Amino acid sequence: MIRFLRADEVEKLLPLSAQVNALHEAEHPEQYRGDATPEEVMGFFTHKLSEGAQVFVAEGPEGALKGFLLAVPVVRDASPFLHPVRHVELDQICVDERCRGQGIGKALIDAMEAWMRENTFHEWKSMVHGFNAPSQNLMSGQGAEVLGLRYRKVLGD
C-alpha cells in the first residue's frame with residue numbers, strides 16, 4: 001500500500017534513509033555524511049514536510065516500510081532568462097534492499113504522479129548519480145529522459 005507519511009511518523013524513515021545515504025556516502029564520502037544523528041535526519045524530513053513536500057511510503061501488510069519517496073514542489077517566477085516553472089523535484093527515493101525488484105519504486109512514482117495531477121504539476125525532475133544504475137533504470141523505465149550532464153572537478157593540493 002502506498003500512502004502519505006504523516007509528520008509524526010518521520011522516525012519510520014530512519015532505516016531506509018540510512019540505506020540510501022550509505023550508498024551515496026560509499027561513493028562520495030567528501031560530500032555525503034554518515035554521522036547524522038537520528039534527530040537531524042528526522043528534523044530534515046519534518047522541515048521538508050512543513051514546507052509543503054510530500055513523503056510517499058510503501059507499507060507492507062505488517063506496517064513496515066518497504067520504500068519511500070520525497071517529492072518537493074518547486075514554483076519559480078519568470079526571470080529575464082527563464083519562463084515560470086511549476087514542477088516537482090523527486091529529491092529522494094529508496095526501496096528497502098530486501099524488497100527490490102517488486103515494483104515498489106514504480107508504485108511510489110505512480111503515486112507521486114497521481115498527486116501531481118491533482119495539484120496541477122505536469123513535470124518532475126530528479127538528479128541521479130552516475131554510479132546509481134538501479135535509480136537510473138527506474139527513472140528511464142518510468143519514461144524520464146536525461147536532461148543533461150553535471151560535471152565536477154575536485155582540485156588536488
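Below, the structure is looked at part by part. (Residues numbered from 1 in each chain as written. Predicted model: local features only at pLDDT ≥ 70, side-chain atom pairs only at ≥ 80, totals over all residues. Heavy atoms only, no water.)

## Some remarks on the pairing of strand β4 (residues 85-95)
Note the threshold: Throughout, exposure labels follow a simple rule: accessible area from a 1.4 Å probe, protein chains only, divided by the maximum for the residue type, with under 20% read as buried, over 50% as exposed, and the rest as partly exposed. Numbering of helices and strands runs from the N terminus; a helix is a DSSP stretch of H or I covering at least four residues, while a strand is a stretch of E covering at least two. Strand pairing is assigned whenever DSSP identifies at least 2 bridges connecting the two strands. A clockwise course of the path from the first strand over the helix to the second, judged with the strands pointing away from the viewer, identifies a crossover as right-handed.
Among the eleven residues that make up β4, eight are buried, leaving the element largely enclosed by the rest of the structure. Where strand β3 (residues 65-76) meets β4, ten bridges bridge the pair, whose relative direction is antiparallel. Bridging across to β4, L70 finds its partner in Q92. Note: β4 against strand β5 (residues 124-125), two bridges, orientation parallel. Opposite E89, over in β5, you have K125 as the bridge partner. Between β4 and its parallel partner β5, the chain crosses via helix α3 (residues 104-118), and the hand of that crossover is right-handed.

## Examining helix α2 (residues 38-50)
Under the convention used in this document: Helix span is expected to be 1.5 Å times the residue number reduced by one. Note that the arc is computed from the directions linking the helix axis to the C-beta atoms.
In this model α2 runs 18 Å from its N-terminal to its C-terminal C-alpha over 13 residues, within 8% of the 18 Å that 1.5 Å per residue would give. Where α2 is concerned, the buried positions are V41, M42, F45, K48 and L49. Taken down its axis, α2 places every buried residue within 125° of arc, on the same side. Among the exposed residues of α2, those oriented more than 90 degrees off its buried face are E39 and S50. G52 lies just past α2 and shows a positive phi near 105°.

Just geometry here; none of it tells us what the structure is for.
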